[in-house]
Amino acid sequence: MTKLTENRLLVLVFFFTALILIPQSGVKGAITAISLTPANPTTLSDGRGYYLAGKTYNFSVQVIDPAASPTDWSAVSDVRVTINNATNLVAAVSLSGIWPAVPTVAITSQTGPITLSTVNVTGTPQNFTATLGITILWSTAESGWAANRSVEASATVTSTDTDTQSVSYGVVSSIRILNFALNDEAADGYVNRYHGPFQVTGDEIVYDIPGATTADAVASRADSGAGEITGTTLIVAPGAGNYSVGVDADETDGQTVNVADSAFNVAGVPNAAAAYTVVLRAAMTTTGGPVDTANNLSIYCNEIEVTDIIFFNGGGVDNDPANYYRSLLVSGTQVRVNARLLAGGGAMIGNTTIELRDSTQNVITIVTIPNGANFGIAALNTTGITVAADVTDTHNHEIYNTYDGAFGSALTYGQHRNNATYITQPVTHRIHWENGDPPGLASPPFDGNAPVANGALFTSSTASSIRIEWNPVDAVPPAADGDFNTYRLYFRVYDITDTSPWSMIDRYTAAVYNAGGTYDLSDATTSFADITGLSALTTYEFIVSAADVYGNEVAVANRPRSDGTTILHAQTAASSVTITLSDGITRYTDTLFSDNDGSSKPVRQNAIHIIASIEGDTLPTSVNVIAAGDGLNQGVESDDNILNLVDNVTRFSFSMNKYAPNQWDVFIPTTHSLLTANTGVRFILEINTTTGTSYVDHNSELDLVGAATPWDDNEWRFWVNTTQPTFQPWPTRILNNVITKSNPVAYPAYYLSHDAYVTIKVYDIKGRPVTTLLDGAFRKGGQNIKDQGWRGTNKAQKRLGPGLYYIHIQAKRDDNGKIILNKMEKVVIAR
C-alpha cells in the first residue's frame, strides 16, 4: 500500500469515527448502557405474579456513562423506575457528593400511592447501580394481571437514557375475608334495634384475587409479617355514615366479632328499608389503610309497626279508631291487625305472630300475618271476659308482643318481650262490652221526660207535622252506652180511653216528604224530630224511647210520656210556611228570622232571592210577597201594619213562582227602590187558595188558632248594607292543572249560583273513571269554592302515571235537582 493510500484510509477512519461520536436524533449520547433488573412480583394462589400492597420490591438500575465526572455524584440528576398501572407508579432520585464517599440521595418524585423505602447506590459516577426499594401502599389503584407488561427505568447523567423490561404482573391493594358469615339471630340477615347479641365470623384475611385462599393471607404475604394487620373492626355502612359494631384485635386466628344487643338500639344503626352493607375494616401498618374487605354481607335493620287495630262483625258499633261497642251476648267479633315494616312500609317477611292483649282483663288473642301480607285476621278471644248484667264495661287493647318472621327474636329480645312500648302502634283501641245494657240504663238515665220548651215535649206544629223535643242520651262514650242505635217515637191520635193503637217511627221509617228517605234519629245527640204526614187541627199524644243496636229498648219508666200529671199531646196547625233568603253570597234560613231583628241579617245591595216552602192540607193557587221599607227602625218592631193603608205604609207585591212541590220563589230586583243602601226591609206572605186568602208572618203557626191577625207581630226582616263587598265569581277551572313533585295537588275551583249537591270525578284519556273526589256533597251557593284537591292518585291512593286526565265537575240545585254546573277540565300529571 502506498503512503498516499494509507493517509486516505486514516482520513476515512477518522471521519467515520467522528461521525459516530456526533450526537444525532435517536442515537445514544454519553450514557453507553442502562440496564433495569425489575423485582419479581409475588406469586399468589392463582399461579400468577402480583405486586402487593404492604410489600417492598427492589428494582435495580445499572448506568454506564464514561463522559460523566469520575468523582462528582451531582452529575447523576435523575434515576427513576416506572411501574405501569391504572395510575402509573413512579419513583425517582438524584445524587450528590464526591466519590469515593457514598452519595447523598434526594427523592425527587413519588408519583402514585407508593413510598420509596430504601435507595442503595454502588460504583462510581461513571458506572453505578442504584437499587430502589418501592413499597406499594394500600391506597394504590389496582390493575388485573396481564402478560408482558412493561416496567421502565431511566437515568439522566450527561444525557438521558431508558431501559424497558417486560414483566407479567398485576397490582393488588384490596382484601377479602374467607368464609364471612352472620350467625345466631342474625343468620338470616334480619335484625331490629332491640335484637339480641350475635356473632360475625370469618377465616383468614387474604389479598383479593379470584380464587384467593389462605395461602394468600395478608399477614404471610406482606413484608411486615403478622404485624401488617394490627386489628379489625366490623363496620355497618348505611351510606350516610358508618357504624362500628364490634372489634377483633387479633387477626392471626381468623375473625370472630361479637355484636352486642346494644349495637342495634336507637343510638346505633337506625331502621332502614334498604340493606346495610357489613364489611370488616382492617387497620394496616403500611400507609394507605385502613382497608375494607371487598366482600361484604347484607343485613337489614327494621322492625314491625302496627298501623291499625280494627274490630268487626259481631253486630256492634264501630267508631274506629278510639271506640267499639260489642255485646257479650252476640258472638262473631273478629279483629284485623294491619302492620308494615317501620322503615319503607313493606309487607311481612315470613309468617309473623302478633299478640293482642285485652289489658283490662289480660285476655290474649293471637293474630298471624302471612308472609308478604300487611294484615292478619283472627276471631277475637272473649274467653275470660266478664261483664255484669245490664252493665257496659270499657276494655283497652294493645299489641304487646311481635315475633316469628324475619324480624322475630327470642323472648326478651327484639319486639318479643311482653312490652307494648317496644312496638310502634296506634293509640289504645277500646271495646265497650255490654251485657244486655240498653241506652240510659247503666249510664245516667235517659231523661227525655225532663221539662223542655215551657214544660212541654213539643215546640211547634204545622198543618201536617208536630215537632217533638227531648233531652238526648248522654253521647260522650263510654258512659253514654255508645251502642245507641235510634230514638223511637210512638204517637197516636189523642184518645182519652187509652185504647187506640200506637204508631212508631225510628231511623228506619220512611219520611213522608223526603223522597223515600228516612227519619234522622240515629244520632244520640239528636234532641228533636218532626213527625210528618199528620192531619191538620188534630190532637196527638206521644212517647219518646231509645234502643241500642241489639234491640234493647229503655225501660218503660225511662220512656217520657207525661210530665207527671197529664198525658202530653199537641195539636197540628192549619198550615206551615218556612222562608229562605239569599243575596247570592249570604243565605239565611227560616229559623234565623225568629229574633225579629233585621240588623242581624245584612245583605248586599243585590237581587234578593226569597224561597218559600208551604205545606198544608189545602195547597196554594198563588203566593205573593208583600214587602215594605222598615225606615230607620232597624231591628225594632214597627207599629205600622204592613197591610193597614191607614198607616200610609208604601208596600209592594211580588208574585212568586212555583218551581217544585210546595216550593215557591221570587227575586226582588237589584234596582228596586226597596233595596236602598242602609235601609231595612220587612215582608209577609199572601197565600191564595180555593177557599180564600190568608197572610202569614214568621211565627203565624205558633199564634193562637183563630187569632184575628196571626201575621202582624213577627214579619220577616233583613237589612241592606251601606258598604258592599266586592265579589267576582270564579270561572270554572283547575288551580294547578299540571301535577308535579313540587306542586303535587290540583284543586277544582268553581262558583255556584245556588245551593247544590256537587260531584267531582276524575277520568283518564280513554274516558275511564279513576277516582271520585266528591259524590253528591252539599255546597252553599253564591260563593267561590276551592274544593278538595287531587294528588294524581286512583281510588286505591296509588299514584297514576304521567299523562292527560280530565276532572268532571257537576252540580245539581238542592231544591229541584236542576244541573247548574257541568264542566270537564284538563289536568296533566308530569314526570
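Just so it is clear, the model here is predicted, and its values are computed rather than measured.

Peer 1: It is not clear to me how the sheet that holds strand 51 (residues 738-739) should be interpreted in this structure. Could you clarify?
Peer 2: The strand order across the open sheet formed by 5 strands is 51-57-56-53-54, and the pairing between neighbours is mixed. With one partner strand each, in any of the chains shown, strand 51 and strand 54 (769-779) form the two edges of the open sheet. Where strand 56 (residues 803-813) lies against strand 57 (residues 819-829), 10 bridges are found, and the strand directions are antiparallel. Counted as the bridge partner of Gly 803 is Ile 829 from strand 57.

Peer 1: Teacher, can you tell me more about the environment of Thr 676 here?
Peer 2: Inspection of the secondary structure puts Thr 676 in the loop between strand 46 (663-668) and strand 47 (679-689). Considered as a pair, Thr 676 and Val 720 are 44 residues apart in the sequence and their alpha carbons are 6.6 Å apart. In contact with Thr 676, other than residues within four places in its own chain, are Gln 605 and Val 720. At a separation of 2.7 Å, a polar atom in the side chain of Thr 676 contacts the main-chain carbonyl oxygen of Ser 673.

Peer 1: Is there a simple way to think about the nonpolar core in this case?
Peer 2: Across soluble globular proteins, nonpolar side chains show a tendency to be buried alongside one another. One finds Tyr 51, Phe 59 and Phe 264 to be the most contacted residues of the largest nonpolar core, which totals 74 residues. Phe 264 has contacts with Val 191, Asn 192, Arg 193, Tyr 194, Phe 198, Val 236, Val 259, Val 269, Ile 299 and Cys 301, leaving out every residue within four places of it along the chain. The next biggest cluster of nonpolar side chains, apart from the first, holds 28 residues, and it includes Ile 579, Ile 610, Ile 614 and Val 696.

Peer 1: Can you walk me through the pairing of strand 47 in this structure?
Peer 2: Along any regular strand the residues' side chains alternate between the sheet's two faces. Counting buried positions over the 11 residues of strand 47 gives 11, a clear majority of the element. With burial as the criterion, each face of strand 47 is covered, one bearing Thr 679, Val 681, Phe 683, Leu 685, Ile 687 and Thr 689 and the other bearing Gly 680, Arg 682, Ile 684, Glu 686 and Asn 688. With 8 bridges joining them, strand 43 (residues 622-629) and strand 47 adopt antiparallel strand pairing. Along strand 47, the bridge assignment pairs Gly 629 with Val 681.

Peer 1: Looking at this model, I keep getting lost on the pattern of salt bridges. Mind explaining?
Peer 2: Counted by the stated rule, this structure contains 18 salt bridges. Linking Arg 326 and Asp 318 is a salt bridge whose minimum nitrogen-to-oxygen distance equals 2.8 Å. You can call Arg 326 buried: its relative accessible area is 1%. Judged by relative accessible area, which is 43%, Asp 318 ranks as partly exposed. One salt bridge connects Arg 488 with Asp 506, and the closest N-O pair in it is separated by 4.0 Å.

Peer 1: Please explain the packing of aromatic side chains as it appears in this structure.
Peer 2: Here a ring pair, both rings aromatic, is described through the centre-centre distance and the interplanar angle of the planes. Scanning all chains against the criterion turns up 14 aromatic pairs. Centroid distance Trp 138 to Tyr 207: 5.7 Å. Interplanar angle 10°. Geometry classified as stacked. Highlighted residues: Trp 138 in the loop between strand 9 (127-136) and strand 10 (143-156) and Tyr 207 in strand 16 (residues 205-207), separated in sequence by 69 residues. By relative accessible area, Trp 138 is classed as buried at 4%. Following the ring pairs from residue to residue traces out a cluster consisting of Tyr 51, Tyr 57, Phe 59 and Tyr 169. Across the ring face of Trp 730, the terminal group of Arg 733 is positioned such that the distance to the ring centre comes to 5.0 Å.

Conventions adopted
- Residues numbered from 1 in each chain as written.
- Predicted model: local features only at pLDDT ≥ 70, side-chain atom pairs only at ≥ 80, totals over all residues.
- Heavy atoms only, no water.
- Pairing = 2+ DSSP bridges.
- Helix = DSSP H or I, 4+ residues; strand = E, 2+ residues; numbered from the N terminus.
- Contact = heavy atoms within 4.5 Å.
- Polar contact = N/O pair within 3.5 Å; in protein donor to acceptor, adjacent residues only side chain to side chain.
- Core = buried A, V, L, I, M, F, W, Y, C linked by side-chain atoms within 4.5 Å.
- Buried < 20%, exposed > 50% of the residue type's maximum accessible area, 1.4 Å probe, protein only.
- Salt bridge = Lys/Arg side-chain N within 4 Å of Asp/Glu carboxyl O.
- Phe/Tyr/Trp six-rings, centres within 6.5 Å; stacked < 30°, edge-to-face > 60°.
- Lys NZ or Arg CZ within 6 Å of the ring centre and 35° of its normal.

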